[in-house]
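# Residue-level structure breakdown
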Amino acid sequence: MLIAAVLLDRLHGAGLTDVTAVEPVEGGMAALAGIATRRSGPPLFVKAFIDASADDLFAAEAEGLDALRERGALATPQVVLATRDVLVLSVLRVRPAQEAFWEQFAHALARLHTSTVHDRFGWERDNWLGRYRQQNAWTTDGYEFFAQRRLLRWLPERRVQAALDERDRRALERLCARLPDLLPPQPACLTHGDLWANNVLATEDGRPALIDPAVSYTWAEVDLAHLCCSPHPPEAKRFFDVYAELTGLDDDWRTRMPFIQLRQHLAVIAQFDHDWGAAQQVRATLKPFR
């Protein structure tokens, strides 16, 4: 009931006084979320943090949703309201447990990545990955961007310092220096930035739709690695073959996914006391670089 009370209070405080109740929903890792019932009008999805959030956190998320829809032709929820305290969106459906849905999503994600190629890596401003800032300073060097803004930036964070010892940190630095040998050159494109299966939902007519972005122009394989290396349902298996065919991936693409997924593992370690095995995964990936 605490979650419902907090979300209802945030909605009323934001001026949505016709909301009569909020039913909490699960699935996210950091925020409180629920479906709000109104006296008039359709239900709304609401998201907030129990403590204060940064001034621009929800504004940046709303911007990311709009960018994916407007620049990349991906379905996302409509932004109803984005304030410091609350994000209010139109309601999406639970995705169907069907291979055809994931094949459709493969086409949509391939279209996003191939139609938004950019000459620089970064974004117009820093935004957020969970509760931590995502650093997006522009550069033309993808290896430098990934090393400095997506991997090494996590080393000063308190939980990362506690989880990784000096040998781990030096191994990560050595891996970063060898990125041009480990990963083929790739252009920047618009990416979702936090693309695991829980952030894939469906529109009313059954099309794939995305939530919770941390957008930037970076390697498309950042999105691919998160989907590949995090839990996904059996019906998603066909997604990877279709996406690889549509985008012309080489036969070795799976071998480099653990290197790229280091970014997500480090972010999880930084944000949560329980890291779901992320530190162990980081150490296993870094073992050849010690």
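This text follows the structure it describes.
All values derive from a computational prediction rather than experimental measurement.

Rules of the game
Numbering of residues starts from 1 in each chain and follows the order in which that chain's sequence is written. Only residues with pLDDT of 70 or above have their local features reported here, since the model is predicted, and side-chain atom pairs are shown and tallied only from 80 upward, although totals for entire chains, interfaces and linings are computed over all residues. Water and hydrogen atoms were dropped before computing side-chain values, which therefore reflect all heavy atoms in the structure. Each nonpolar core is a collection of buried residues, namely Ala, Val, Leu, Ile, Met, Phe, Trp, Tyr and Cys, held together in the definition by side-chain atoms within 4.5 Å. To sort residues, take the accessible area from a 1.4 Å probe on protein chains only and compare it with the maximum for the residue type: under 20% means buried, over 50% means exposed, and anything in between is partly exposed. Segments assigned H or I by DSSP are reported as helices when at least four residues long, segments assigned E as strands when at least two residues long, and all are numbered from the N terminus. Two residues form a contact once any of their heavy atoms are found within 4.5 Å. Only strands joined by at least two bridges in the DSSP assignment are considered to pair. Axis definition: a line fitted to C-alpha atoms, over the contacting stretch in the case of helices. Angles run 0 to 180 degrees between N-to-C directions. The term salt bridge refers to a pairing of a side-chain nitrogen on Lys or Arg with a carboxyl oxygen on Asp or Glu at a separation within 4 Å. Stacked, edge-to-face and tilted are the three classes for Phe, Tyr and Trp ring pairs, Trp counted by its six-membered ring, which pair at centre distances within 6.5 Å; planes under 30 degrees apart are stacked, over 60 edge-to-face, the rest tilted. Disulfides are defined as pairs of cysteine sulfur atoms found within 2.5 Å of each other. We call two N or O atoms a polar contact when they sit within 3.5 Å, provided that within protein one can donate a hydrogen and the other can accept it, with sequence-adjacent residues counted only if both atoms are side-chain atoms.

## Topic: the nonpolar core
In terms of nonpolar packing, the biggest core is built from 72 residues, with Trp102, Phe105, Leu172, Leu175, Phe239 and Tyr243 touching the most fellow members. Tallying contributions element by element places helix H10 (residues 253–271) first for this core, with ten residues. Setting aside residues up to four positions removed in sequence, leucine 175 forms contacts with Leu151, Leu182, Phe259, Leu262, Leu286 and Phe289. With 13 residues, the next largest nonpolar core counts Val6, Val19, Val46 and Val86 among its residues.

## Digging into the sheet that holds strand E4 (residues 79–82)
Strand pairing in a sheet takes place through backbone hydrogen bonds and is either antiparallel or parallel in direction. Spatially, five strands are ordered E1-E2-E3-E5-E4 in an open sheet, and the strand pairing comes out antiparallel. Where the open sheet ends on each side, the last strands, each with one partner, are strand E1 (19–24) and E4. Across this sheet, the average inter-strand angle for adjacent strands is 25°, counted without regard to direction. Across five bridges, the pairing between E1 and strand E2 (residues 32–38) is antiparallel. Across the sheet, residue valine 22 finds its bridge partner in E2, namely alanine 36. Strand contacts of helix H1 (residues 2–13): E1, E2, strand E3 (44–48) and strand E5 (87–90), with the helix running at about 140° to E1, the strand carrying the most contacts. With respect to the sheet, helix H2 (residues 57–72) is in contact with E3, E4 and E5, its orientation differing from that of E4 by roughly 160°.

## Re the pattern of salt bridges
Scanning the model with the defined rule gives 19 salt bridges in all. Between aspartate 66 and arginine 69 there is a salt bridge whose closest N-O contact spans 2.5 Å. Note that aspartate 66 and arginine 69 are positioned in helix H2 at a spacing of three residues, about one turn of the helix. A relative accessible area of 22% means that arginine 69 is categorised as partly exposed.

## Examining the packing of aromatic side chains
Applying the stated criterion to the full structure yields 16 aromatic pairs. With centroids separated by 5.9 Å and ring planes inclined at 75°, the aromatic side chains of tryptophan 102 and phenylalanine 105 adopt a geometry described as edge-to-face. Taken as a pair, tryptophan 102 and phenylalanine 105 lie in helix H3 (residues 99–115) at a separation of three residues, close to a single helical turn. Here tryptophan 102 matches phenylalanine 105 in class, with each residue buried.

## Here's the deal with the state of the cysteines
Considering all chains together, one arrives at zero disulfides under this definition. Between cysteine 189, a cysteine without a disulfide, and cysteine 228, which holds the nearest cysteine sulfur, the sulfur-to-sulfur distance is 17 Å. The exposure class of cysteine 228 is buried, given its relative accessible area of 18%.

## Let's talk about the pairing of E5
Relative to E5, E3 is paired through four bridges, and the arrangement is antiparallel. Across the sheet, residue phenylalanine 45 finds its bridge partner in E5, namely leucine 89. Sheet analysis places E4 next to E5, joined by three bridges and oriented antiparallel. The residue bridging valine 79 from the neighbouring strand is leucine 89, located in E5. A loop of four residues connects E4 with E5, the two strands running antiparallel in sequence.

## Considerations on the side chain of asparagine 127
Inspection of the secondary structure puts asparagine 127 in strand E6 (residues 127–129). Judged by its relative accessible area of 2%, asparagine 127 is buried. A distance of 2.8 Å separates the side chain of asparagine 127 from the backbone oxygen of valine 215, its partner in a polar contact. Here asparagine 127 is in contact with Ala60, Tyr132, Arg133, Gln134, Asn136, Ala214 and Val215, once residues within four sequence places are set aside.

Limitation: the analysis is restricted to geometry and does not speak to function.
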